[in-house]
Amino acid sequence: MPQSAKTYSLLALFLALRAFGNLSLAWGTKHLTETLSSHPLAYLRSLAHPFVAIGVVMLVVALLVRLALLSVADLSFILPMTAVGYVLAALLGRFFLHELVTPWRWAAVALIFAGAALVSSTPQSTTGSAQGAK
Amino acid sequence: MTWLLLTVMVVATALSDLLQSYEMKRSGAQSVGARGIARLLLMIVERRYLLLSIACLAFSFFAFMALLQSAPLSFAVPASAASFILETVAAKLLLKEEIGPRRAAGAALVLCGIALLGK
């Protein structure tokens with residue numbers, strides 16, 4: 001059972017890094033003067049914005065923390081837990097970016113959270129071709 | 001524009017996962033020790049599908065950035081879960097995986113959520 005304090009602190013760190021990385025990226029890209037989808041080079045230039053750069057770095061570190069997390073806990077434990085990220089995004093958008101989150105949207109987020117948690121808690125291998133699966 | 005970016009992101013994510021899953025299953029189980037990681041990196045360069053999968057992942061991230069720029073955070077991140085629906089369907093049809101009732105129910109819930117997001 002993944003009960004250790006290390007597992008939960010890594011999980012909390014991963015969730016926080018990803019949620020705040022997305023927040024930083026959202027804040028940064030919304031304050032750019034050019035539209036990102038207009039030109040490939042716009043992406044390179046956007047990295048000069050501190051919040052975009054910080055957001056990208058946080059998301060990369062989040063991936064590394066997730067790797068560390070995978071080494072101490074099962075994927076089938078981690079995946080449903082990361083569905084919390086959808087709820088966190090709605091909360092951060094509401095409170096930091098002052099987005100209007102309607103009751104419909106809260107319901108949508110709740111459904112997506114439940115669905116994602118359910119999808120990711122299914123058995124790992126059903127095809128029998130993954131020899132390494134224990 | 002929002003729904004177009006979302007579609008690009010979701011399709012790229014699903015494609016990346018499918019290519020990865022297909023290629024990794026084909027090459028058999030991998031160990032993840034220090035030497036295992038080095039071998040994995042070498043394999044990424046050798047296997048064309050893996051490279052393609054990483055390119056898809058990058059593409060999906062760029063679409064995500066553009067989506068974050070134009071749409072609310074409380075929409076963009078939950079909407080990215082739409083990849084679960086596409087991946088479940090593709091896993092069944094293309095990878096011939098068996099989709100259990102839990103997984104089908106989960107994908108259906110996500111689908112309802114996405115439809116509700118659009119309201």
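Residues numbered from 1 in each chain as written. Chains lettered and ligands numbered in written order. Predicted model: local features only at pLDDT ≥ 70, side-chain atom pairs only at ≥ 80, totals over all residues.

A.B. asks: Honestly, the overall build of chain B in this entry has me stumped. Any pointers?
C.D. replies: Along chain B, the regular secondary structure elements total six helices and zero strands. The order of helices and strands in chain B, counted from the N terminus, is α-α-α-α-α-α. Going through the 119 residues of chain B one by one, you find that 41% of them count as buried. Within chain B, contacts between residues separated by at least 24 positions form 78% of all contacts whose residues are at least 6 apart in sequence. (Helix = DSSP H or I, 4+ residues; strand = E, 2+ residues; numbered from the N terminus. Buried ≥ 20, exposed ≤ 12 C-beta atoms within 10 Å, placed from the backbone. Contact = placed C-beta atoms within 7 Å.)

A.B. asks: Looking at this structure, I do not really get the interface of chain B and chain A. What am I missing?
C.D. replies: How big an interface is tends to be stated in terms of accessible area lost as the parts join. Contact residues are listed per partner, giving 34 residues for chain B and 40 residues for chain A. Broken down by secondary-structure element, the contributors of at least two residues to the side of chain B that touches chain A are helix 1 (2-26), helix 3 (48-70), helix 4 (73-79), helix 5 (82-93) and helix 6 (101-117) of chain B. Sorting elements by how many residues they give to the side of chain B that touches chain A places helix 6 of chain B first, with eleven residues. In terms of residue class, the side of chain B that touches chain A is made up of 19 nonpolar, eight polar and seven charged. (Nonpolar A, V, L, I, M, F, W, Y, C, P; charged D, E, K, R; others polar.)

A.B. asks: Would you explain the environment of Thr35 of chain A in this entry?
C.D. replies: Structurally, Thr35 of chain A is set in the loop between helix 1 (5-30) and helix 2 (40-46). For Thr35 of chain A and Ser46 of chain A, which are eleven residues apart along the polypeptide, the C-alpha to C-alpha distance reads 9.8 Å.

A.B. asks: Got a minute to help me understand the packing of helix 1 of chain A against helix 3 of chain B in this structure?
C.D. replies: A pair of packed helices is characterised by two quantities: the angle between their axes and the separation of those axes. It is at 8 Å that the axes of helix 1 of chain A and helix 3 of chain B come closest, and there the two elements cross at 65°. Comparing their axes, helix 3 of chain B and helix 1 of chain A come out roughly perpendicular. In this structure, helix 1 of chain A crosses over helix 3 of chain B, and the sense of that crossing is right-handed. Residue-level contacts link Leu25, Ala26, Thr29 and Lys30 of chain A of helix 1 of chain A to Met65, Leu68 and Gln69 of chain B of helix 3 of chain B. (Axes fitted to C-alpha atoms, helices over the stretch in contact; angles between N-to-C directions. Parallel < 35°, antiparallel > 145°, perpendicular 65-115°, else oblique. Left-handed = near helix turned anticlockwise from the far one by under 90°.)

A.B. asks: Looking at this model, I keep getting lost on the packing of helix 6 (residues 103-119) of chain A against helix 6 of chain B. Mind explaining?
C.D. replies: Close contact between helix 6 of chain A and helix 6 of chain B brings their axes to 7 Å; oriented N to C, the two are set at 160°. Relative to helix 6 of chain B, the element helix 6 of chain A is oriented roughly antiparallel. The crossing of helix 6 of chain A and helix 6 of chain B is left-handed. Residue-level inspection shows Trp104, Arg105, Ala107, Ala108, Leu111, Ile112, Ala114, Gly115, Ala116, Leu118 and Val119 of chain A of helix 6 of chain A in contact with helix 6 of chain B, the latter providing Arg102, Arg103, Ala105, Gly106, Ala107, Leu109, Val110, Cys112, Gly113, Leu116 and Leu117 of chain B. Here the contact of helix 6 of chain A with helix 6 of chain B is composed, by residue class, of 16 nonpolar, three polar and three charged.

A.B. asks: Could you clarify how one ought to interpret unusual backbone geometry in this entry?
C.D. replies: Backbone geometry follows two general trends: most residues other than glycine have a negative phi, and most peptide bonds adopt the trans configuration. Positive phi outside glycine occurs at His98 of chain A, with the angle close to 55°. With respect to the element layout, His98 of chain A can be found in the loop between helix 5 (84-96) and helix 6. With 9 C-beta atoms packed within 10 Å, His98 of chain A lands in the exposed category. Phi is positive for Lys96 of chain B, which is not a glycine, with a value near 55°. Among the secondary structure elements, Lys96 of chain B is positioned in the loop between helix 5 and helix 6.

A.B. asks: Looking at this structure, how should I read the environment of Leu94 of chain B?
C.D. replies: By the element assignment, Leu94 of chain B lies in the loop between helix 5 and helix 6. Along the primary structure Leu94 of chain B and Tyr22 of chain B are separated by 72 residues, whereas in three dimensions their C-alpha atoms are 9.4 Å apart.

A.B. asks: I'm lost on helix 5 of chain B in this one. Help?
C.D. replies: For an α-helix, the turn length of 3.6 residues means that residues three or four places apart are oriented alike. In this model, helix 5 of chain B (twelve residues) spans 17 Å end to end at C-alpha, consistent with the 16 Å of a helix rising 1.5 Å per residue. Considering only its buried residues, helix 5 of chain B is in contact with helix 6 of chain A together with helix 1, helix 4 and helix 6 of chain B. (Expected span 1.5 Å × (residues − 1).)

A.B. asks: Is there a simple way to explain the confidence of the model for chain A in this structure?
C.D. replies: Detailed conclusions should not be drawn from predicted coordinates in areas where pLDDT is low. Residue and element names in this part refer to chain A. Averaged over every residue, the pLDDT of chain A is 86; the share at 70 or more is 88%. The least confident element of chain A is helix 4 (residues 75-82), whose mean pLDDT is 80; the most confident is helix 5, at 95. Of the regions scoring below 50 in pLDDT, residues 129-134 engages in ten contacts with residues more than four places distant in sequence or in other chains. (pLDDT = per-residue confidence, 0-100.)

A.B. asks: Please clarify how the environment of Lys25 of chain B should be interpreted in this entry.
C.D. replies: Residue and element names in this part refer to chain B. Mapping Lys25 onto the fold places it in helix 1. Under the C-beta neighbour-count criterion, Lys25 is labelled partly exposed, with 16 such atoms within 10 Å. Taking the C-alpha atoms as reference points, Lys25 and Ile37, separated by twelve residues in sequence, lie 17 Å from one another.

A.B. asks: Honestly, helix 6 of chain B in this entry has me stumped. Any pointers?
C.D. replies: All names here are of chain B. Over its 17 residues, helix 6 extends 24 Å from the first C-alpha to the last, a length consistent with the 24 Å expected when each residue adds 1.5 Å. For helix 6, every residue scored as buried is listed here: Arg103, Gly106, Ala107, Leu109, Val110, Gly113, Ile114 and Leu117. Down the axis of helix 6, the buried set is contained in an arc of 155°. They therefore lie on one face. Facing away from the buried side of helix 6, by more than 90 degrees, are the exposed residues Pro101 and Ala115. (Arc of directions from axis to C-beta.)

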